[in-house]
Amino acid sequence: MEFGTIEREIHIDASPEVVFDVVSSPEHLREWWPDEAEFPPVPGGAGRIGFGNCAQGGTWVQFTVVDAVPPRLFSFRWTHEEGETAAPGNSNLVVFELEPAGTGTLLRMTESGFRERGWDEAKIAAEYAEHVTGWDFYLPRLRVYAAKVEAGAQA
């Protein structure tokens, strides 16, 4: 297998503006992806996201915003070591591209950078598989949550 890039495309029953907020705002992110999120949602904004109860053994993951172009594009680098500046070779790049589609939004998500990390084939395959499983679990939650936010905005 190639293990280079994970690509997903989903339709969301919410406007690009709502979907952008849902993928870029720490408050919204916590509702569908990590349990904790602490970062300024602006280019260069560095912080972290947490999985599980981080006060009791959960995992913090480093997170740096690359681009934020409402309501079209949000991208970030993550999984780099604490204290390192996120860059190709030490982190993965996730890009959310949004485009209007009927009454909703077409979201294209790509994650790349697995091969650039310098890992051996077994580590690349394991990390890639873990991230595929993760996105396949979390992206449907994004779809449901964004539709709820959209419905609330129109209520």
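Residues numbered from 1 in each chain as written. Predicted model: local features only at pLDDT ≥ 70, side-chain atom pairs only at ≥ 80, totals over all residues. Heavy atoms only, no water.

- Naming follows an unreviewed UniProt entry, where the protein appears as SRPBCC domain-containing protein of Amycolatopsis cynarae.
- Word for word, the UniProt comment on the protein under Sequence similarities (unreviewed entry) is "Belongs to the AHA1 family." (UniProt positions renumbered as here; feature names shortened; annotations may be inferred.)

## Thoughts on the overall build of the protein
Then step 1. Within the protein, the secondary structure is distributed over three helices and seven strands.
Then step 2. Starting at the N terminus and ending at the C terminus, the protein contains elements arranged as β-α-α-β-β-β-β-β-β-α.
Then step 3. When each of the 155 residues of the protein is scored for burial, the buried share is 45%.
Then step 4. Counting contacts in the protein only where the partners sit at least 6 residues apart, residues at least 24 apart contribute 50% of the total.
Then step 5. Where the 12 positive side-chain charges of the protein centre and where its 25 negative ones centre are 2 Å apart. (Helix = DSSP H or I, 4+ residues; strand = E, 2+ residues; numbered from the N terminus. Buried < 20%, exposed > 50% of the residue type's maximum accessible area, 1.4 Å probe, protein only. Contact = heavy atoms within 4.5 Å. Lys, Arg positive; Asp, Glu negative; His and termini not counted. Charge placed at Lys NZ, Arg CZ, Asp CG, Glu CD.)

## Observations regarding the packing of aromatic side chains
Then step 1. Using the criterion set out here, one finds 18 aromatic pairs in the structure.
Then step 2. Taking the centre distance of 6.0 Å and the plane angle of 70° together, the rings of tryptophan 33 and phenylalanine 51 count as edge-to-face. Of the two residues, tryptophan 33 sits in the loop between helix H2 (26–32) and strand S2 (36–38) while phenylalanine 51 sits in strand S3 (residues 46–51), which places them 18 residues apart along the sequence.
Then step 3. On the basis of relative accessibility, which here comes to 5%, the residue tryptophan 33 falls in the buried class. (Phe/Tyr/Trp six-rings, centres within 6.5 Å; stacked < 30°, edge-to-face > 60°.)

## Focus on the pairing of strand S5 (residues 73–78)
Then step 1. Of all six residues in S5, five are buried, a share of seventy percent or more.
Then step 2. Here six bridges tie strand S4 (residues 59–69) to S5, and the two strands are oriented antiparallel to one another. Bridge assignment links phenylalanine 63 to a residue of S5, and that residue is tryptophan 78.
Then step 3. Between S4 and the antiparallel strand that follows it, S5, lie three residues.
Then step 4. Where S5 and strand S6 (residues 92–101) come together, six bridges link them in antiparallel fashion. Note that in S6 the partner of arginine 77 across the bridge is leucine 93. (Pairing = 2+ DSSP bridges.)

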